[in-house]
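Structural description and commentary
Given next are the chains, with one letter for each unit.
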Amino acid sequence: MEAADLAPIRESVRTLCASFPGEYWRALDRERAYPEKFVAALTQAGFLAALIPEDYGGSGLPMSAAAAIMEEIQAAGCNGAACHAQMYTMGTLLRHGSAEQKARYLPAIARGELRLQAFGVTEPTSGTDTLSLRTTATRAGDHYLVNGQKIWTSRAEHSDLMLLLARTTPREQATSRTAGLSVFLVDMRDVKGQGLTIRPIRTMMNHATTEVFFENMPVPALNLIGAEGEGFRYILSGMNAERILIAAECIGDAKWFIAKAAAYASAREVFGRPIGQNQGVQFPIARAYIGMRAAELMVREAATLYEAGKECGAEANMAKHLAAEASWAAADMCVQTHGGFGFAEEFDIERKFRETRLYQVAPISTNLVLSYIAEHVLGLPRSY
Ligand SMILES: Cc1cc2nc3c(=O)[nH]c(=O)nc-3n(C[C@H](O)[C@H](O)[C@H](O)COP(=O)(O)OP(=O)(O)OC[C@H]3O[C@@H](n4cnc5c(N)ncnc54)[C@H](O)[C@@H]3O)c2cc1C
């Protein structure tokens, strides 16, 4: 979508976010509590159903609109991590789910009656090496029985549905390195306490992340997405959307840090003049702005390719990498610009600083982006 067409969407996100100022987020951060009101407001306004086609009750907007929504949330000082997964996990259901599954779930998600916010891929032992995951799903009549464990399954306590990747064929019997994994849409309402246990993990920021345990957890065979054994391919195909949306969030974070630093550098007077008059203070702000704008171009490029249905693996990875670096550089600059006040809770900087640090590691860590580019773009030997 063109920038001019996105302006009204951006404006309405900004208006909504204005009702959720720093005090709201600070109070939740202290308690590590979930921003229920904020997520409900976004859902009610239809923003979280942006990518659901109109036929299923969503707004049928393209990726650039979803990216603009996530960027504005962050630029307003809010935190979209509480709900961003609904946008990117949806793609797996949309692209690979059956007509019956889409009809069963998408309209209810669009109406805000169901949440699809949990994405169970990472495991404690497999880490980045997804193909070595150990959670199994074994067919037993019209059900699968799931056994194993996931970690860092964010928002599991605040979601009805979880997109789960599990092994359905033992690795040594699989027809290829990437075969034998399957994707399931788990209705957690049916199995909580009956095969599914969720334990919160306290982290350095308020992220509602958890570890989940499966013990003979039944999942109807009807909830298998696409073909059995093809799940890794389906998850990979959703990853570009995830990278682009999180990159857009990082751009929003960078904009927030830059605006905050520029305003403070103009207002704060030391030695009888604004600190921002010193080049030693203004240059880092300008540098952070340049980095953010360059990253923003790559995010746009990736979103444009994505919505044109073109290959965008390299651009989505580069966008996520550049944007996460830009937001982290801006965060560091913002603390420095504020001196001691950068550490004070009431300025929100230390909170946003902790929040934006995550995107160097999740959903994919910096090294793995670099090795993707080295191998798939530059033709260097595979390193792992
Ligand atoms: C707050 C939070 C929320 C998350 N939410 C979710 C979620 O909702 N769902 C989900 O499935 N996952 C989630 N994750 C998991 C996240 O995607 C992983 O943490 C991330 O992919 C890195 O995996 P790991 O932590 O196992 O690190 P490891 O794989 O153990 O890697 C550790 C370090 O070693 C480096 N490394 C590993 N192998 C190589 C290599 N071959 N070459 C170079 N460097 C290498 C990595 O880059 C990393 O820096 C979340 C994580 C966090 C912290």
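Figured I'd write up the structure that's included with this text. (Residues numbered from 1 in each chain as written. Predicted model: local features only at pLDDT ≥ 70, side-chain atom pairs only at ≥ 80, totals over all residues. Heavy atoms only, no water.)

Structural notes on the packing of helix α4 (residues 63-75) against helix α8 (residues 231-267)
Packing of α4 against α8 leaves a shortest axis separation of 7 Å and a crossing angle of 35°. The element α4 and its partner α8 pack so that their crossing is right-handed. Here α4 contributes M63, A66, A67, M70, E71, Q74 and A75 to the contact with α8, which in turn contributes A241, I244, L245, A248, E249, I251, G252, D253, K255 and W256. Looking at the contact of α4 with α8, its residues break down into 11 nonpolar, two polar and four charged. (Axes fitted to C-alpha atoms, helices over the stretch in contact; angles between N-to-C directions. Helix = DSSP H or I, 4+ residues; strand = E, 2+ residues; numbered from the N terminus. Left-handed = near helix turned anticlockwise from the far one by under 90°. Contact = heavy atoms within 4.5 Å. Nonpolar A, V, L, I, M, F, W, Y, C, P; charged D, E, K, R; others polar.)

As for a nonpolar patch on the surface
A cluster of nonpolar residues, V377, L378 and L380, forms a patch on the protein surface that exposes about 280 Å² of accessible area. Locating V377 in the fold gives a position in helix α12 (residues 366-377). (Patch = residues over 30% accessible without salt bridge, like charges linked within 9 Å, V, L, I, M, F, W, Y side chains within 5 Å. Areas by Shrake-Rupley, 256 points an atom, 1.4 Å probe, with all protein chains shown as cover. Salt bridge = Lys/Arg side-chain N within 4 Å of Asp/Glu carboxyl O.)

Observations concerning the site of the ligand
What surrounds the ligand is a group of 19 residues, the closest being F119, T122, T128, W152 and S365. Within the backbone of V121, a nitrogen or oxygen atom sits 3.0 Å from an oxygen atom of the ligand. Note that a nitrogen atom of the ligand is positioned 2.9 Å from one of the backbone N or O atoms of W152. Protein coverage of the free-state accessible area of the ligand, which is 970 Å², stands at 66%. (Near = heavy atom within 4 Å. Polar contact = N/O pair within 3.5 Å; in protein donor to acceptor, adjacent residues only side chain to side chain.)

A look at the environment of A33
Here A33 lies in the loop between α2 (22-31) and α3 (36-44). Residue A33 is classed as partly exposed on the basis of its relative accessible area, which comes to 26%. Remark: the alpha-carbon pair of A33 and N206, spanning 173 residues in sequence, is separated by 7.1 Å. With residues near it in sequence (within four places) discarded, A33 still touches L28 and N206. (Buried < 20%, exposed > 50% of the residue type's maximum accessible area, 1.4 Å probe, protein only.)

Digging into the environment of R382
By the secondary structure assignment, R382 is in the segment after α12. Taking the C-alpha atoms as reference points, R382 and S371, separated by 11 residues in sequence, lie 7.8 Å from one another. Beyond its immediate chain neighbours, meaning those up to four positions away, R382 contacts R177 and E375. Engagement of the side chain of R382 in a polar contact is seen with the side chain of E375, the distance being 3.3 Å. A distance of 2.8 Å separates a polar side-chain atom of R382 from the backbone oxygen of Y384.

Digging into the pairing of strand β3 (residues 143-151)
Across five bridges, the pairing between strand β2 (residues 136-140) and β3 is antiparallel. Counterpart to T136 in the pairing with β3 is N147. What sits between the antiparallel neighbours β2 and β3 is a turn of two residues, in which G141 has the positive phi angle 70°. Relative to strand β7 (residues 210-220), β3 runs antiparallel, the two sharing eight bridges. (Pairing = 2+ DSSP bridges.)

As for the pattern of salt bridges
Considering all chains together, one arrives at 24 salt bridges under this definition. The residue E113 makes a salt bridge to R111 at a minimum N-O spacing of 2.8 Å. For R111, a relative accessible area of 55% gives the class exposed. The closest approach of N and O atoms between D187 and R189, which form a salt bridge, is 2.7 Å. A relative accessible area of 11% means that D187 is categorised as buried. Among the charged side chains, a salt-bridge network with shared partners connects R10, E11, R14, E71, E72, K255, R293, E296 and R300.

Structural notes on the nonpolar core
In terms of nonpolar packing, the biggest core is built from 100 residues, with F38, I69, I73, M87 and I109 touching the most fellow members. Apart from residues lying up to four places away in sequence, F38 is in contact with L16, C17, F20, Y24, W25, I73, C78 and N79. Grouped together as the second largest cluster of nonpolar side chains are 20 residues, Y144, M162, L196 and A221 included. (Core = buried A, V, L, I, M, F, W, Y, C linked by side-chain atoms within 4.5 Å.)

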